[in-house]
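Results of the structural survey
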There are 4 protein chains.
Amino acid sequence: MSASTEQEDALVTSTDPLHPANLISELCASFYRLGWVTGTGGGICIRTHDKVYIAPSGVQKERIEPSHIFVLPYPQAEPSPHTDRIFLRRPKLNLKESACTPLFWNAFTIRNASSCIHTHSQNAVMATLLWEKEKMFRISHQKMIKGVRIGGNGPTLSYLDTLEVPIIDNTPNEEDLKDSMKEAMEKYPRAAGILVLRHGIYVWGDDWQKAKTQTECLDYLLEIGVKMKLAGLPTVLNI
Amino acid sequence: MSASTEQEDALVTSTDPLHPANLISELCASFYRLGWVTGTGGGICIRTHDKVYIAPSGVQKERIEPSHIFVLPYPQAEPSPHTDRIFLRRPKLNLKESACTPLFWNAFTIRNASSCIHTHSQNAVMATLLWEKEKMFRISHQKMIKGVRIGGNGPTLSYLDTLEVPIIDNTPNEEDLKDSMKEAMEKYPRAAGILVLRHGIYVWGDDWQKAKTQTECLDYLLEIGVKMKLAGLPTVLNI
Amino acid sequence: MSASTEQEDALVTSTDPLHPANLISELCASFYRLGWVTGTGGGICIRTHDKVYIAPSGVQKERIEPSHIFVLPYPQAEPSPHTDRIFLRRPKLNLKESACTPLFWNAFTIRNASSCIHTHSQNAVMATLLWEKEKMFRISHQKMIKGVRIGGNGPTLSYLDTLEVPIIDNTPNEEDLKDSMKEAMEKYPRAAGILVLRHGIYVWGDDWQKAKTQTECLDYLLEIGVKMKLAGLPTVLNI
Amino acid sequence: MSASTEQEDALVTSTDPLHPANLISELCASFYRLGWVTGTGGGICIRTHDKVYIAPSGVQKERIEPSHIFVLPYPQAEPSPHTDRIFLRRPKLNLKESACTPLFWNAFTIRNASSCIHTHSQNAVMATLLWEKEKMFRISHQKMIKGVRIGGNGPTLSYLDTLEVPIIDNTPNEEDLKDSMKEAMEKYPRAAGILVLRHGIYVWGDDWQKAKTQTECLDYLLEIGVKMKLAGLPTVLNI
């Protein structure tokens, strides 16, 4: 092992359970148990002041180890046909960074987020199907709305606010969601997440705790919204 | 660290797994796995003879550590515009006590409870929606009714009793539920818990074991009640 | 601690994870996670050649410790108004043996079972409601039927057999189910379990493994049966 | 213990958590928690270059130990009325190899798979009932389709592909599924799994990771497909 590689490995090696490389491994295993990231899909990325930690693409998310994590410098210019994404560390295994990387980056650049979560929760997918025509999931008068922040990074919503989560169309390649996600984030600055039709949801936050707890709140609201709709109950009250 | 702080920390430091500070941490993690306290909501408080142990507000309930716990003397006068709540110990972190504190206090003062649990269980929320007009969840002829105590602190109900759990309206601020919860507890002295519309449930007991097992029984009954109602089965038999 | 007590404690003290006292603790915790024994209800008892191991009544089933277990000699005469049940060991705590004891005993004496399980699974309760009129749950043409033994202790059923589980009425006191359970077991000698209306199910087997795996098969069949009925699919095919 | 037995035991003894005998034990316990292999049914087999590792029949799948595993040489001729299946190692206990063995072998010989998984997931069984007439489960326009490989061992499907999983009739004896499974695999070379009516699903892959993640993707798609059908939503879009 060369000295440079040892330096790179140090970026993901820590006894601190709150180190991003350890957290990503632990949280992905926890998300697997929730049914959010089965079949290698979904995950979480974490950004510190000047570094981004991202899991590999196409691996079992409940079996990630810290040594599998990619580290990228932040900020950096978008990769283009003529430039590559810059890495501080790539895992030794034959791995590629998560296909969600450009989507996670949207959360960093547009909302200054420090963490972004992507799930394939069936609650999210069912909601995109049941609210497909409106292209917007809406629910009001639920206590759990208070756990969601305006824009994902602002003050929390009030119980009297109606939660709105835009639904964008899916694309055959995950990376190609980048522009429509960006567009939806700019068109709906109060949205705390973006639903992707027949696919899942992206949620972000100022730190991993806020990203995670907002994902839990949104998933709860999507689940109860789907149950209410199937039971014939309106999810938005006009009172 | 000053001597007084060491004394304060001793209030939540114990190798006994049944110490309230340890129990709150463990039970909240268990409730998280049941889907009762996701998104930082809900929790449990425990009162010993002269002390109340309460978790912080707005934290991930499955990651609470004993050092995060607040300790308050009991009894104490209600805080008013001119008086503050009195604490024996506040965690060093920048934390506020659970917003459920005044609601938990209702259970202590009105029913002499030693523990109170608040969940956002979707079974509870769905029941408040399906029994919204009656402002009362009712179910009869279920074995699990026998696990619920009259008033939450009396003898257990019989299989032949009809369980009734009042539903109060939600308020934008959790603290503002205090008066309507108190009113419902006094109007329905046999009720073992209070449902909050579009929000969740409060359940109490003579000790943490009784509070927890009654919460399990009520959650079971809310779940089966919702299933029965959606399947077109009556939840109360008049026989 | 007297010598006799030490002798008694030895009955439930073992480093062998397959000792009945250890198994009951472990299996009850596992059943709790399946939602079978929440709210202190339900459980499992295990009989060796000449001893019966039974958990206490009214305790949190996921927190049982081997030292909480009752040990009884087997066989023994039924307790009557003039005779008491005989114990080899009672836990020191102020505990009473499970209220299921006479029901478990039915399985020992009528079917020569060595283990009996009682659950409050919602699949069982929903099935008793949806098949209430027939007083019999029936399902055919399901692979899982092959995991169920005729009478609970005979050869396994074939895929071509129709599974039938009788439903008896519930009684306010668990003990009072004894006679109607006995009657149903004798009337339906092929039944591998007895459903109790609005309450749960009793399942037994030649050993704890067979009792447990048959409970899993029956619970699976009750769950899929309820799903099929609610989806308008017939659970019995006449072909 | 004879020398030869020690040699045989060495085949299933390893401190490497990724050794097939260790993996089968761990993965079966994980599948149990997903509800895929309760009641002793279902499981996973793993093939290395020249050996096949298979769990016993009729045992609790969440309690398998590496010492319970059968090892067979690969390739070998099919057993016939005049020949027996050849083993490199049989566990000492009175055990028989999984009844799925000939079905797993189909995956090895027809698709050159190195691992095959069989589940009794209720999502699979409900799908076989709801798509019984078509004898084919079909779903399109779901992100999770991208996790499934053409034929189970080829390139992954695109979001624009329609997933098709054939449904074969069940037989009273598991072994008798061998020919109809083979027939379906040859008739539908693009199928990544075979559903068995009122029974479950078989899924395979180039290695255990691919078999497992494809089983997760297919199970997800079966679950969402059942939900969509019951909600009146079409699972295939013609656009």
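From a predicted model like this one, the values you see are computed outputs, not experimental measurements. (Residues numbered from 1 in each chain as written. Chains lettered and ligands numbered in written order. Predicted model: local features only at pLDDT ≥ 70, side-chain atom pairs only at ≥ 80, totals over all residues. Heavy atoms only, no water.)

**Quick notes on the overall build of chain A**
- Summing up its helical and strand segments, chain A has 6 helices and 8 strands in all.
- Secondary structure elements in chain A, listed N-terminal to C-terminal, are α-α-β-β-β-α-β-α-β-β-α-β-β-α.
- Compactness check: chain A gives a C-alpha radius of gyration of 18 Å against a globular reference of 18 Å for 239 residues, within 12% of the reference.
- If you line up chain A on its principal axes, its C-alpha atoms span 65 × 35 × 30 Å. (Helix = DSSP H or I, 4+ residues; strand = E, 2+ residues; numbered from the N terminus. Rg over C-alpha atoms; globule rule 2.2 N^0.38 Å.)

**Concerning the pairing of strand β7 (residues 193-196) of chain C**
Residue and element names in this part refer to chain C.
- Here β7 shows two buried faces, one formed by Gly-193 and Leu-195 and the other by Ile-194 and Val-196.
- As judged from the 2 bridges shared by strand β6 (residues 163-168) and β7, these two strands associate in the parallel manner. Pairing of Ile-168 across the sheet is with Val-196, part of β7. (Buried < 20%, exposed > 50% of the residue type's maximum accessible area, 1.4 Å probe, protein only. Pairing = 2+ DSSP bridges.)

**Here we look at the interface of chain B and chain A**
- Tallying the contact residues gives 22 residues for chain B and 27 residues for chain A.
- Interface of chain B and chain A: buried area, both sides summed, is about 2100 Å²; carbon and sulfur atoms make up 55% of it.
- Counting the contacts that link chain B with chain A gives 3 salt bridges.
- A:Lys212 is the salt-bridge partner of B:Glu62, the closest N and O atoms lying 2.3 Å from each other.
- Applying the counting criterion to the chain B and chain A interface returns 12 residue pairs in polar contact (both at pLDDT 80 or more).
- Taken together, the residues of the side of chain B that touches chain A sort by class into 8 nonpolar, 10 polar and 4 charged. (Contact = heavy atoms within 4.5 Å. Buried area = accessible area lost by both parts, 1.4 Å probe. Salt bridge = Lys/Arg side-chain N within 4 Å of Asp/Glu carboxyl O. Polar contact = N/O pair within 3.5 Å; in protein donor to acceptor, adjacent residues only side chain to side chain. Nonpolar A, V, L, I, M, F, W, Y, C, P; charged D, E, K, R; others polar.)

**A few points about the interface of chain D and chain A**
- The partner chain A presents 22 residues to the 27 residues of chain D that form the contact.
- Buried surface at the junction of chain D and chain A, both sides included, amounts to about 2100 Å², of which 54% is carbon and sulfur.
- Among the residues of chain D in contact with chain A, D:Lys143, D:Tyr159 and D:Tyr220 are the three that bury the most area, contributing 26% of the side total.
- Between the two partners, chain D and chain A, sit 3 salt bridges.
- Between the two partners, chain D and chain A, sit 12 residue pairs in polar contact (both at pLDDT 80 or more).
- Looking at the side of chain D that touches chain A, the elements with two or more residues in it are α2 (20-33) and α6 (208-230) of chain D.

**A few points about the nonpolar core**
- By size, the foremost hydrophobic cluster in this structure holds 116 residues, and its most contacted members are A:Leu163, B:Leu163, C:Leu163 and D:Leu163.
- The residues contacting B:Leu163, other than those within four sequence positions of it, are B:Phe137, B:Arg138, B:Ile139, B:Ile145, B:Val148, B:Leu157, B:Leu218 and B:Leu221. (Core = buried A, V, L, I, M, F, W, Y, C linked by side-chain atoms within 4.5 Å.)

**A word on a negative patch on the surface**
Residues and elements named next belong to chain A.
- Among the surface-exposed residues, Glu-175, Asp-176, Asp-179 and Glu-183 lie close enough to one another that they form a single negatively charged patch.
- Here Asp-179 is to be found in helix α5 (residues 178-187).
- For Asp-179, a relative accessible area of 57% gives the class exposed. (Patch = residues over 30% accessible without salt bridge, like charges linked within 9 Å, V, L, I, M, F, W, Y side chains within 5 Å. Areas by Shrake-Rupley, 256 points an atom, 1.4 Å probe, with all protein chains shown as cover. Lys, Arg positive; Asp, Glu negative; His and termini not counted. Charge placed at Lys NZ, Arg CZ, Asp CG, Glu CD.)

**Digging into the relation of the copies chain B and chain A**
- Of the two same-sequence chains, chain B is brought onto chain A (RMSD 0.0 Å, axial shift 0.0 Å) by a rotation of 90°. Taken together, the rotation and translation relating the two chain copies correspond to the operation of a four-fold axis. In terms of C-alpha distance to the rotation axis, chain B has B:Arg33 as its closest residue, with the C-alpha 6.7 Å off the axis. (Least-squares fit on C-alpha atoms with pLDDT ≥ 70 in both.)

**Some words on the sheet that holds strand β5 (residues 136-139) of chain B**
Residues and elements named next belong to chain B.
- Strands sit in the order β3-β2-β1-β4-β8-β7-β6-β5 across an open sheet of 8 strands; the sheet is mixed. Looking at strand neighbours, the two that pair on one side only are β3 (70-73) and β5, the edges of this open sheet. When the angles between neighbouring strand axes are averaged without regard to direction, this sheet yields 20°.
- Here 4 bridges tie strand β2 (residues 51-54) to β3, and the two strands are oriented antiparallel to one another. Bridging from a neighbouring strand, Tyr-53 pairs with Val-71 of β3.
- Here helix α2 (residues 20-33) sits on the sheet in contact with β1 (43-47), β2 and β4 (115-119), set at roughly 155° to β1. (Axes fitted to C-alpha atoms, helices over the stretch in contact; angles between N-to-C directions.)

**Observations concerning the UniProt feature "binding site: Zn(2+)" (unreviewed entry) in chain A**
- The UniProt entry lists A:His118, A:His120 and A:His199 under the feature "binding site: Zn(2+)" (unreviewed entry), expressed in the numbering used here. Judged by maximum C-alpha separation, these annotated positions cover 82 residues in sequence but sit close together in space, the widest gap being only 10.0 Å.
- Residue placement: A:His118 occurs in strand β4 (residues 115-119).
- If sequence neighbours within four positions are ignored, A:His118 has contacts with A:Val37, A:Gly42, A:Gly43, A:Cys100, A:Phe104, A:Glu174, A:His199, A:Ile201 and A:Tyr202.
- At 3.3 Å, the side chain of A:His118 forms a polar contact with the side chain of A:His120.
- Here A:His120 is to be found in the loop between β4 and α4 (122-130).
- Every residue in contact with A:His120, bar those within four places of it in the chain, is listed here: A:Trp36, A:Gly41, A:Gly42, A:Val125, A:His199, A:Gly200, D:Lys143, D:Met144 and D:Tyr220. (UniProt positions renumbered as here; feature names shortened; annotations may be inferred.)

**As for the packing of aromatic side chains**
- In the structure shown here, the tally under the stated rule is 28 aromatic pairs over all chains.
- For the ring pair B:Trp131 and B:Phe137, a centre distance of 4.8 Å and an interplane angle of 75° mean the geometry is edge-to-face. With respect to class, B:Trp131 is no different from B:Phe137; both count as buried.
- Ring geometry for C:Tyr74 and C:Phe108: centres 5.7 Å apart, planes at 85°, overall edge-to-face. Linking C:Tyr74 in the loop between β3 (70-73) and α3 (101-111) with C:Phe108 in helix α3, this pair joins segments that are 34 residues apart in sequence. Of the two residues, C:Tyr74 and C:Phe108, neither departs from the other in class, the shared state being buried.
- Positioned over the ring face of C:Tyr74 is C:Arg47, at 4.4 Å from the centre of the ring.
- Positioned over the ring face of C:Trp105 is C:Arg85, at 5.7 Å from the centre of the ring. (Phe/Tyr/Trp six-rings, centres within 6.5 Å; stacked < 30°, edge-to-face > 60°. Lys NZ or Arg CZ within 6 Å of the ring centre and 35° of its normal.)

**Re the arrangement of the chains**
- At no point do chain A and chain C touch; the closest pair of C-alpha atoms across them sits 13 Å apart.
- At the level of C-alpha atoms, the two units chain B and chain D stay apart, their nearest approach being 13 Å.

**With respect to unusual backbone geometry**
- That bond from B:Tyr74 to B:Pro75 is cis: its omega, 0°, falls within 30 degrees of zero.
- Along the polypeptide, B:Pro75 turns up in the loop between β3 and α3 (101-111).
- Its identity as a non-glycine residue notwithstanding, A:Arg198 has a phi of 55°, on the positive side.
- Its location among the elements puts A:Arg198 in the loop between β7 (193-196) and β8 (200-205).
- Owing to a relative accessible area of 4%, A:Arg198 belongs among the buried residues under this scheme.

**A short note on the side chain of B:Arg111**
All names here are of chain B.
- With respect to the helices and strands, the residue Arg-111 is situated in helix α3.
- In this structure, Arg-111 is buried with no salt-bridge partner, the nearest side chain bearing the opposite charge being Glu-186 at 8.4 Å.
- Among the polar contacts made by the side chain of Arg-111, one reaches the main-chain carbonyl oxygen of Gly-151 at a distance of 2.9 Å.
- Looking at Arg-111, its side chain comes within polar contact range of the main-chain oxygen of Met-185, at 2.5 Å.
- Not counting chain neighbours up to four residues away, the residues in contact with Arg-111 comprise Asn-106, Gly-151, Asn-153, Met-185, Tyr-188, Pro-189, Ala-191 and Trp-204.

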